[in-house]
Amino acid sequence: MAMPTPEQWMARALTLARRGRYTTHPNPRVGCVLVKEGRLVGEGFHRRAGEPHAEILALRAAGTAARGATAYVTLEPCAHQGRTGPCARALVDAGVARVVAAMQDPNPRVAGQGFTILREAGIEVACGLLEAEARALNPGFIRRMSEGRPFVCLKMAMSLDGRTAMRSGESQWITGPQARSAVQRLRAECGAVMTGVESIIFDNSRLTVRADQLGLADAETIARRQPLRVVVDSRLRMPEAAACLREPGRTLVATRSEDGERRARLEAAGAEVVVVPAGEGGRVDLSALLAHLAAEEEVNEVLLETGATLAGAMLDAGLIDELQLFMAPTLLGGEARPLFQLPGLERMTQQRPLEILDIRAIGQDWRITARPRVAAGD
């Protein structure tokens, strides 16, 4: 039997890393495999912040067999003392002979310093094996570290004629249970779920991860970490009786309002209120809000679940990185609400093209994964 290739060992490390997709926030998802003489001697993946990193777990599993081994790791070993100790130093102390990393850590506190520690100790270092796959594991962590904002995924449910709700605002339910379960998993992956205040007013959205809808074996454990709920509410219209204020986890209301009395009532009801700089039309500056979520809340990925107005504003501002559109085999008619409010589009040259990444059936519905297409020269 042929020995596994380096690509296969790194693929194993990537598979391990994906096991932490719902739990590592705000840390990146990382996997590590230790190989000696063509044989697996230890492996591990990072489960959650504050617990051992993937390299440490792999070293513990390998024991003395780690000496002289090759470590395949999906992200550059850390070089700093954070919630846990530096993994680069642990690899040196264990006597690992070679480290193959899929990508360099974008965290400025690491950013090549882990590789430097390894090389100075005489360890051979290689970087770039299956890098695209490794980057796809952590789009939010990479964006937060390199650009100072989270990765934003817009989720919307629509009818076959592109409508998201009736004219009254009624929207539950357009899609079926399988699609709603997929949305629950999207929520569980993210550090924050963001919506506009109208979604709270019309739908009384809870914006929670619900274990009974996840469809995962460890659903109860995953649902213990509720993503931060973020409500964009320029004029503080958030109802004090909103259901999301009574759910486990935190609800952050981002506003432009200086109404101290209204703010005090919302905070007494369980909300946290943050005043954000003004953007266009005196509304919440969405770029500033995302920067706040990255810097102050350590949010890697934001799931945007909202109506046409906020969705259009985010798209118009170039703040949406990916779209997850769930399309149901039903028609809501011309009076129903559209996906996006994009004022000023009058000519075909002004259209907003998307790149389709994936289309697949989810129960009786279809899920379209897309991203905004960047025009040539931009």
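All residue numbers refer to positions counted from 1 along the written sequence of the respective chain. Where totals are concerned, whole chains, interfaces and linings use all residues; where local detail is concerned, this predicted model gives features only for residues with pLDDT of at least 70, and gives and counts side-chain atom pairs only at 80 or more. Hydrogens and waters are ignored; side-chain quantities use all the structure's heavy atoms.

Enquirer: Which parts of the structure should I look at to understand the pattern of salt bridges?
Expert: Opposite charge on two side chains permits them to pair, given that their charged atoms come into close proximity. Only one rule defines a salt bridge in this text: a Lys or Arg side-chain nitrogen within 4 Å of an Asp or Glu carboxyl oxygen. Throughout the structure, instances matching the rule amount to 22 salt bridges. With its nearest N and O atoms 3.4 Å apart, the salt bridge here joins E147 to R143. Placement of both E147 and R143 in helix α6 (residues 139–147) is noted, with a separation of four residues, approximately one turn of the helix. A salt bridge links E355 to R371; the nearest nitrogen and oxygen atoms lie 3.0 Å apart. Pair noted here: E355 is in strand β15 (residues 354–362) and R371 is in strand β16 (residues 365–372), with a separation of 16 residues, a long-range link. Residue E355 is classed as partly exposed on the basis of its relative accessible area of 31%. Within the structure, one salt-bridge network assembled from shared partners comprises R143, E147, R149 and D321. Strands here mean DSSP runs of E at least two residues long; helices mean DSSP runs of H or I at least four residues long; both are numbered from the N terminus. Only protein chains enter the accessibility calculation, which uses a 1.4 Å probe; a residue whose area is less than 20% of its type maximum is buried, one above 50% is exposed, and one in between is partly exposed.

Enquirer: Help me understand the sheet that holds strand β6 (residues 151–158) in this model?
Expert: Note: strands within a sheet are paired through backbone hydrogen bonds, in either parallel or antiparallel orientation. Taken in spatial order, the nine strands line up as β11-β10-β9-β8-β12-β6-β13-β16-β15 in an open sheet, and their pairing is mixed. The sheet is open, and its two edges are formed by β11 (272–275) and β15, each paired on a single side. Going across the sheet, the axis of each strand differs from the next one's by a mean of 25°, ignoring polarity. Any two residues having at least one pair of non-hydrogen atoms within 4.5 Å are treated as being in contact. Each axis is a line fitted through C-alpha atoms, taken for helices only over the stretch in contact, and angles between the N-to-C directions span 0 to 180 degrees. Here helix α7 (residues 177–189) sits on the sheet and contacts β6, β8 (192–196), β12 (301–305), β13 (322–327), β15 and β16; the angle it forms with β12, its principal contact strand, is near 145°. Running at roughly 160° to strand β9 (residues 228–232), helix α12 (residues 286–297) makes contact with β6, β8, β9, β10 (251–255), β11 and β12 of the sheet. When DSSP finds two or more bridges between a pair of strands, those strands are recorded as paired.

What is shown is where atoms sit, not what they do.
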